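Structural overview for review
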Amino acid sequence: MKIAVIGSGTMGNGIAHTFAQFGFPVNLIDINEQALNNALNTISKNLDRQVAKGSLSEAEKSTTLSNITSFTDLKTGVENVDLIVEAATENLELKLKIFKDLDQFAKPEAILASNTSSISITQIASVTQRGAQVIGMHFMNPVPVMKLVEVIRGYATSDETTSLVMDLSKKLNKIPVEVNDYPGFVANRILMPMINEAIYTLYEGVAGVHEIDQVMKLGMAHPMGPLQLADFIGLDVCLAILKVLHEGFGNPKYAPCPLLVNMVMSGNKGVKSGEGFYNYSNGIKEATVSPKFKKPSN
Ligand code: CAA
């Protein structure tokens, strides 16, 4: 089975890495040549971690890398593949455009999957002529490490497509979980309100960044506290998902905390921008506890 992955950012390169590691030929596609080179370097470094841990041999690393071919042209990259996983930027217009093109360029029997974290699979499928073959395949970051694939059935997704994607996920040594297509699916419907509440807890001055994260790490055995996790996911991504939940359900309980909105507007997007709830300069993570994060006093 031949795979194409669209988008070579954090999720795209992790998805390509994982398919290639388990023996699938992968076409990694991005419009930006430099982004593709960076992605291949990242994959190589992440494979080195696995080699250093003894979970992968040097020979398996080379085979994994040789399974990946990069493309800047969408049509050439997808025309001969059986499954396409789109992991482009989380933007509705962009995804609709990509799926329209995929429907035109991919083989009629090919399955079109999206790694979207919150955009409706049913809406994405609606711009294609093959709704039964459109599905959500939501991997978690870091993809080579996290066991879950949230498999999202759109309104028109067929049983056949769903079972193929469930079985395929198992071949990647992942555990697939099937869910229906409603805002935020399951993962982000539960995760994002927790992150938003942690931000409100900071905003209302109940506790500092470090304290909030320590409570959730030590008290609930979370590997990262919610504020560190928000930085890791990207504050812009968290805000976009909360907006989907807020608009999708029309329920004020999903309204994003004004502090999150301000941080994103000011360019503080977490790890990727160098600062969020923590500062990441010099490779050291330090809590950015500053009065600007406090709710203004009356
Ligand atoms: N590729 C390959 N291996 C990687 C890796 C990568 N990108 N990142 C980490 N690893 C490996 C490390 O080599 C290490 O391997 P061993 O267990 O064999 O030693 C292991 O993962 C743990 O890594 P580290 O020792 O560097 O650090 P850690 O113990 O702090 O774990 C973490 C890092 C796995 C990221 C952990 O902190 C964690 O699980 N955090 C929470 C992650 C999470 O919740 N992800 C979901 C985010 S939500 C999402 O993705 C979806 C969405 O829609 C928003």
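Scope of this entry: the structure provided in the associated data block. (Residues numbered from 1 in each chain as written. Predicted model: local features only at pLDDT ≥ 70, side-chain atom pairs only at ≥ 80, totals over all residues. Heavy atoms only, no water.)

Some thoughts on the overall build of the protein chain
Filter applied, for reference: Labels follow the DSSP assignment, with helices taken as runs of H or I lasting at least four residues and strands as runs of E lasting at least two, numbered in each case from the N terminus. Just to be clear, the radius of gyration here is over C-alpha atoms, and the globule rule we use is 2.2 Å times residues to the power 0.38. Under the scheme applied here, a residue whose accessible area is under 20% of the maximum for its type counts as buried, over 50% as exposed, and between as partly exposed, the area being computed with a 1.4 Å probe on protein chains only. In this analysis, two residues are considered to be in contact whenever any of their non-hydrogen atoms come within 4.5 Å of each other. Throughout, the Shrake-Rupley method with a 1.4 Å probe supplies accessible areas, and for residues the shown protein chains are the sole cover considered.
Assigned secondary structure in the protein chain consists of twelve helices and ten strands. Computed over its C-alpha atoms, the radius of gyration of the protein chain comes to 20 Å, within 12% of the 19 Å expected for a compact globule of 298 residues. The principal-axis extent of the C-alpha atoms belonging to the protein chain is close to 60 × 45 × 35 Å. Taken across its 298 residues, the protein chain has 48% of its residues classed as buried. The long-range share in the protein chain, meaning contacts at least 24 apart out of those at least 6 apart in sequence, stands at 64%. Total accessible area on the protein chain is roughly 14,300 Å²; 54% of this is exposed by carbon and sulfur atoms.

What to know about the packing of helix H11 (residues 235-249) against helix H12 (residues 258-265)
The line we're drawing: Lines fitted to C-alpha atoms define the axes here, with helix axes fitted over just the stretch in contact, and angles between the N-to-C directions of these axes take values from 0 to 180 degrees. Oblique is the label for every angle not falling under 35 degrees (roughly parallel), over 145 degrees (roughly antiparallel), or within 65 to 115 degrees (roughly perpendicular). Left-handed is the label given to a crossing in which the near helix is rotated counterclockwise from the far helix by less than a right angle, and right-handed is the label when the rotation is clockwise.
The N-to-C vectors of H11 and H12 enclose an angle of 130°; their axes lie 9 Å apart at closest approach. Compared by their axis directions, H11 and H12 come out oblique. Regarding H11 and H12, the two cross each other, and that crossing is left-handed. Contacts between H11 and H12 involve Leu235, Asp236, Cys238, Leu239 and Leu242 on the former and, on the latter, Leu260, Val261, Met263 and Val264.

Some details on the sheet that holds strand S5 (residues 111-114)
The condition is simple: Strands are labelled as partners when DSSP assigns at least two bridges between them.
The eight strands lie next to each other as S3-S2-S1-S4-S5-S6-S7-S8, forming an open sheet whose pairing is mixed. The sheet is open, and its two edges are formed by strand S3 (68-71) and strand S8 (175-180), each paired on a single side. Strand-to-strand twist of the sheet, defined as the mean angle between neighbouring strand axes without regard to direction, takes the value 25°. Pairing between strand S4 (residues 83-86) and S5: four bridges, direction parallel.

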